[in-house]
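Chain by chain, the residues:
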Amino acid sequence: DWSKTRKGMQTFSERAVKDFKAAGFSHVRIRVKDPLSKKLLSQLDEQVRLCEQHSLIPVLAYQAGDFKKDPTRQNMNDVVRWWKIVAEYFTDATPMLSFDLLIEATEAVNKEPQKLNLLYEESVAAIRETNPQRIIFISPRMRSDPAYLHELKIPSRHNNRLMAEWHFYASGPSKVNESKMWTTGTPEEKRIILDKIRTAKEWEKQTGIPTWIGAWMPGSYNDGNDYPINEQVAFARFVASELDKAKIPFAVNSDSKFYDRARQSWIPSMRPVLAAILSPEGKR
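Residues numbered from 1 in each chain as written. Predicted model: local features only at pLDDT ≥ 70, side-chain atom pairs only at ≥ 80, totals over all residues. Heavy atoms only, no water.

Draft legend 1. Broad picture of the pairing of strand 6 (residues 211-216). Counting buried residues along strand 6, 6 of its 6 residues qualify, which places the element largely inside the surrounding structure. Alignment of strand 5 (residues 162-167) against strand 6, held across 4 bridges, turns out to be parallel. The residue bridging His167 from the neighbouring strand is Ala215, located in strand 6. A crossover links strand 5 with its parallel partner strand 6, the connecting element being helix 8 (residues 187-207), and its sense is right-handed. As defined by bridge partners, strand 6 adjoins strand 7 (residues 250-252) across 2 bridges and the pair is classed as parallel. Within the sheet, the bridge partner assigned to Ile213 lies in strand 7 and is Phe250. Read from strand 6 through helix 9 (residues 229-246) to strand 7, the crossover connection turns out right-handed. (Buried < 20%, exposed > 50% of the residue type's maximum accessible area, 1.4 Å probe, protein only. Helix = DSSP H or I, 4+ residues; strand = E, 2+ residues; numbered from the N terminus. Pairing = 2+ DSSP bridges. Right-handed = clockwise from strand over helix to strand, strands pointing away.)

Draft legend 2. Quick peek at empty space enclosed by the protein. This model, assessed by the stated rule, comprises 1 cavity of 30 Å³ or more. Estimated volume of the largest cavity: approximately 40 Å³. As for the largest cavity, its lining consists of Trp2, Gly8, Thr11, Phe12, Ala16, Asp255, Tyr259 and Arg261. When grouped by side-chain class, the residues that make up the lining of the largest cavity number 4 nonpolar, 2 polar and 2 charged. (1 Å grid on protein atoms, 1.4 Å probe; cavity = no way out; pocket = protein on both sides within 12 Å on 5 of 7 lines; lining within 4 Å. Points joined across faces, edges and corners; volume = space filled by probe spheres on them. Nonpolar A, V, L, I, M, F, W, Y, C, P; charged D, E, K, R; others polar.)

Draft legend 3. Representation of the pairing of strand 2 (residues 57-62) in the model. The buried fraction of strand 2 amounts to 5 of the 6 residues, a majority that puts the element mostly inside the structure. Relative to strand 2, strand 1 (residues 27-32) is paired through 6 bridges, and the arrangement is parallel. Among the inter-strand pairings, Arg29 is bridged to a residue of strand 2, identified as Val59. Between the parallel pair strand 1 and strand 2, the chain is carried across by helix 3 (residues 38-53), and the sense of this crossover is right-handed. Where strand 2 and strand 3 (residues 98-100) come together, 3 bridges link them in parallel fashion. Each bridged residue has a counterpart across the sheet, and for Leu60 the counterpart in strand 3 is Phe99.

Draft legend 4. Here's a closer look at the sheet that holds strand 3. If you walk across this open sheet you meet the 7 strands as 1-2-3-4-5-6-7, and the pairing is parallel. Since the sheet does not close on itself, it has two edges, and those belong to strand 1 and strand 7, each with one partner. Looking at each pair of strands side by side, their axes are set apart by 25° on average, direction ignored. Looking at chain direction, strand 4 (residues 136-138) and strand 5 are connected through 3 bridges and run parallel. Across the sheet, residue Phe137 finds its bridge partner in strand 5, namely Met163. Together, strand 1 and strand 2 form the strand contacts of helix 3, whose direction differs from that of strand 1 by roughly 175°. (Axes fitted to C-alpha atoms, helices over the stretch in contact; angles between N-to-C directions. Contact = heavy atoms within 4.5 Å.)

Draft legend 5. Looking closely at the pattern of salt bridges. Applying the stated criterion across every chain yields a total of 17 salt bridges. With a shortest N-O distance of 3.1 Å, Lys175 and Glu231 are connected by a salt bridge. Of this pair, Lys175 sits in the loop between strand 5 and helix 8 while Glu231 sits in helix 9, and the two are 56 residues apart along the sequence. Close ionic contact of Lys245 with Glu242 constitutes a salt bridge, the shortest N to O distance being 3.2 Å. A residue pair is termed a helical-turn pair when its members lie 3 or 4 positions apart in one helix, as Lys245 and Glu242 do in helix 9 at 3 residues. Overall, Lys245 belongs to the exposed group, its relative accessible area being 57%. With a relative accessible area of 15%, Glu242 lands in the buried category. Where salt bridges share partners, they join Arg29, Asp100 and Glu165 into one cluster. (Salt bridge = Lys/Arg side-chain N within 4 Å of Asp/Glu carboxyl O.)

Draft legend 6. Looking closely at the packing of helix 8 against helix 9. Close contact between helix 8 and helix 9 brings their axes to 11 Å; oriented N to C, the two are set at 25°. If you check the angle between helix 8 and helix 9, you find them roughly parallel. Remark: the crossing between helix 8 and helix 9 carries right-handed chirality. Of the residues in helix 9, those in contact with Lys190, Ile193, Leu194, Ile197 and Lys201 of helix 8 are Phe235, Phe238, Val239, Glu242, Leu243 and Ala246. Considering only residue class, the contact of helix 8 with helix 9 consists of 8 nonpolar, no polar and 3 charged. (Parallel < 35°, antiparallel > 145°, perpendicular 65-115°, else oblique. Left-handed = near helix turned anticlockwise from the far one by under 90°.)

Okay, here's the thing in structure tokens:
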């Protein structure tokens, strides 16, 4: 949350970049929802440069809220233009920087996958005018559900620098929702996770395009937070371990659940969960 909310922007500092790198993270997914301005571009530029300086891979991800609510031609044009300007601005930026075109396809665009594919086709084409080698991420509808990866139409100008993003447990596991059930880690509960990973790997094999997970959450932090630390650790260890085995990189949602932005330090009570994410086999 370095560039998505006012608080995130106000509390960002180089210290955070250093701390994330020192903790063992290799990349950060920097979410953005605002229209472009000189101030926003300047802040993003600072964050990208600091990430490069401290060898932390930056991924810029755009909310595109108006398009998701109402996927009209005008709203699509606005998203394409947003990425065209960002791409031009970062033409000479570090090759570590990548572009994540849409933060979860939701709302009205869920019912119009053809418009989602058209958005990707046009946005990739606009980016490629100035960034022929930049890695770009596209994601399926229904909150980036891997079950819909097969609907993605690969943009014609992908230039073999394309990845697909998918999500699961983006708002954490649940003790009541069967689609993301986790209690004690029963075989059935583990099977939900393994099936989604298998779906993504099969799509990778069919297309030759690698995937990553743009968001998963070790606890129900936004919905009652009813998992004690030991249960979060068990869930995080299993998910991170299976993703490591499958060679699927991931981002965890989100930094403010683990890092105290005001104090610029890791939250002590969350350190066991952080350790389970970064080293599920206990190697760190």
